[in-house]
Amino acid sequence: MPIEEAALEAAWPGDETLIPILHVKFPPFRAKSAHPSVNLPSASDQACRSSFFETFYPRLIVSEILTACQQQKALNTPAKKTRVRGCTPEAMMLFQLSCSLWRRRSQEQVWQEISSELTELHPRLPDTRLCSAALSRQRERLGSEPFRQLIERCCQPLCDQQTPGAFYHHLRVMAVDGTFFDAPDTPENARAFGRARNQYGQGAYPQARAVLLMEVGSRAIMNVSLGNFHRSEMHGVVDLLPSLRPGMLLLGDRGIFSLFVAERVSQLGADILFRIKKNQLLTIEKRCSDGSYLTTVSPSSSSHYRASEPQTLRVIEYQVSDARCGKPGEIFRLVTSLLDETLYPMQELIALYRQRWGIELMIREQKVTLQEQKRVVRSRKPDGVKQELYALFLTHYAVRGWMKEAASLIQEDPRRISCSNAIEQVRRGVRRSMIYAPENQEHLHTRMVFHISQEGVRQEKMRMNYREVKRVHSKYKPKKRERKAPRAFEKEETYLSFVETVIREQAELDKEKPSGKPAREAIPKHSAMA
């Protein structure tokens, strides 16, 4: 009887039902081993063989990235003797993705989560564990570059033409925005990332700025640009522009619009729909039939990113009548490169821009749902912080990918599937994947997607625009506990129910124009990366 079969027979005498589902590959026989159970694989040896995330991150691409990074690291470091390690880079990538799923567990506990099933299946095998220090050293050796490259190569759009809300006419709807992540308060992180400072003093934690590009239909991240706190959000937006493809429509907030972005997006064959500030684009050149107007914007000499030539854009103005949707009477101004008011009516674009809030909800899923409200990341070194954030984005993309599959299974909008339930099902799937053979991984994924689809589909209501928080020293007014909660929106109410389009003459616009200055792109010069 071969060594492998003898070991299995010793582990499960008289029981052959578990043998086909084992995902094990036995190492060569070690003559110095007296006990037969030591020939069975340890949990740390098998973590790298899990194919659970292979649906979105193929093993071949992961191997290519790890090989390239190791070769580059070998060129930059002095040569040393190579030895075979029990913990492989593939295992550490799986471990770091799993850390994003169990955010409130320690590193040792996360390692036990992904290896405990194998340990229980092999009772005669010594219980091999990795301490927190060993895991930290392995993470430091791996670095953040493989995770960044994996995002660039594997995070692709998930939706098709049949996915609700994914396309506007023939344009795939995308959104871009930025946010901050708190890092542990260490001297290394403080030097690398910096921190906020105001009249009350400096911030409690160093902060890393992340600018995210998202597919609106699936709320899955397509790319990310990480920088320090002092790096302008505009730099991150410019970094993400090469990720756009022809036939995309980019939504963005007023803080990140510039003529350079509009020009670069147009050169890539895509379009924009941004909100802009009040002191921008004030010259009415042509009034459209729906009340919007066309204007030409000239490049500004004070902009850090300067456009090469003027651009003709379409401006839409409106206001809301209900305080739950915003400040009544305030003029909201949108700008778009979709100039044809017949093909792209103003009311449709106003309703479409509301979908930009999807990226805010995606950020909340990452910070609150996936991280379980654990605001500060684990890593005490800058490269570890980047590694942890990249792994968080990769894990969220995989979760959103399975939510898209579940929505297609029941022909629903992926945005209505419960994210918290999906994360819990993925956690169970990671544990079970260790004992499933490669040929049975597809059945595991099918079962997991089915359970994700069975959770009750929620009815999305309109978001309320109240910005009142409990934090001290916030720029928003404090929450008044005696105030009653506003009435919830009814199911039949939409944002357009409270929209009143605004048509103003040139004389009214001139009142807002700064005296002695021509109408041009009023974009300040952004600070360079520290």
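Residues numbered from 1 in each chain as written. Predicted model: local features only at pLDDT ≥ 70, side-chain atom pairs only at ≥ 80, totals over all residues. Heavy atoms only, no water.

(A) Main features of the pairing of strand β5 (residues 207-215). Counting buried residues along β5, nine of its nine residues qualify, which places the element largely inside the surrounding structure. Side chains Gln-207, Arg-209, Val-211, Leu-213 and Glu-215 of β5 all project onto a buried face; the interleaved residues Ala-208, Ala-210, Leu-212 and Met-214 project onto the opposite face, where all are buried too. Summarising the sheet, strand β2 (residues 171-182) and β5 pair through nine bridges and their orientation is antiparallel. Bridge pairing links Asp-177 to Leu-212 in β5. Where β5 lies against strand β6 (residues 220-228), eight bridges are found, and the strand directions are antiparallel. Bridge pairing in β6 places Arg-209 opposite Gly-227. Counted between consecutive antiparallel strands, the loop separating β5 from β6 contains four residues, among which Arg-219 sits at a positive phi close to 55°. (Buried < 20%, exposed > 50% of the residue type's maximum accessible area, 1.4 Å probe, protein only. Helix = DSSP H or I, 4+ residues; strand = E, 2+ residues; numbered from the N terminus. Pairing = 2+ DSSP bridges.)

(B) Quick peek at the pattern of salt bridges. Evaluation of the coordinates by the stated rule reveals 25 salt bridges. With its nearest N and O atoms 3.8 Å apart, the salt bridge here joins Arg-428 to Glu-424. Of this pair, Arg-428 and Glu-424 both sit in helix α14 (residues 419-433), four residues apart, which is roughly one turn of the helix. Classification of Arg-428 by relative accessible area gives partly exposed; the value is 35%. Bridged by salt links that share partners, the residues Asp-177, Asp-253, Arg-356 and Glu-360 form one connected network. (Salt bridge = Lys/Arg side-chain N within 4 Å of Asp/Glu carboxyl O.)

(C) Quick peek at the side chain of Thr-179. Within the secondary structure, Thr-179 is located in strand β2. Among the polar contacts listed, one links the side chain of Thr-179 to the side chain of Lys-367, at a separation of 2.7 Å. Not counting chain neighbours up to four residues away, the residues in contact with Thr-179 comprise Ala-208, Arg-209, Ala-210, Glu-233, Ile-363 and Lys-367. (Polar contact = N/O pair within 3.5 Å; in protein donor to acceptor, adjacent residues only side chain to side chain. Contact = heavy atoms within 4.5 Å.)

(D) Structural view of the packing of aromatic side chains. Enumeration over the complete set of coordinates arrives at 13 aromatic pairs. Consider the rings of Phe-181 and Phe-393, whose centres lie 5.9 Å apart with planes at 70°: the pair is edge-to-face. Taken together, the residues Phe-181 in strand β2 and Phe-393 in helix α13 (residues 382-410) connect sequence positions 212 residues apart. By way of ring pairs, the aromatic residues Phe-53, Phe-56, Tyr-57, Tyr-397 and Trp-402 are connected into one cluster. Sitting over the face of the ring of Trp-357, Arg-356 holds its NZ or CZ atom 5.4 Å from the ring centroid. Above the plane of the ring of Phe-181 lies Lys-367, whose end atom (NZ or CZ) is 5.1 Å from the centre. (Phe/Tyr/Trp six-rings, centres within 6.5 Å; stacked < 30°, edge-to-face > 60°. Lys NZ or Arg CZ within 6 Å of the ring centre and 35° of its normal.)

(E) How the structure looks around unusual backbone geometry. Positive phi, normally seen in glycine, also occurs at His-169, with a value near 60°. Tracing the sequence through the fold places His-169 in the loop between β1 (167-168) and β2. Positive phi is not limited to glycine here, since Arg-219 has a value of about 55°. Here Arg-219 shows up in the loop between β5 and β6.

(F) Region of the structure containing the pairing of strand β7 (residues 248-252). Here β7 lies mainly inside the structure; five of its five residues are buried. A two-sided burial pattern is seen for β7, the buried positions comprising Met-248, Leu-250 and Gly-252 on one face and Leu-249 and Leu-251 on the other. Here β2 pairs with β7 via four bridges, running parallel. Paired with Ala-175 across the bridge in β7 is Leu-251. What joins β7 to strand β8 (residues 271-275) is helix α10 (residues 259-267), and the crossover it makes is right-handed. (Right-handed = clockwise from strand over helix to strand, strands pointing away.)

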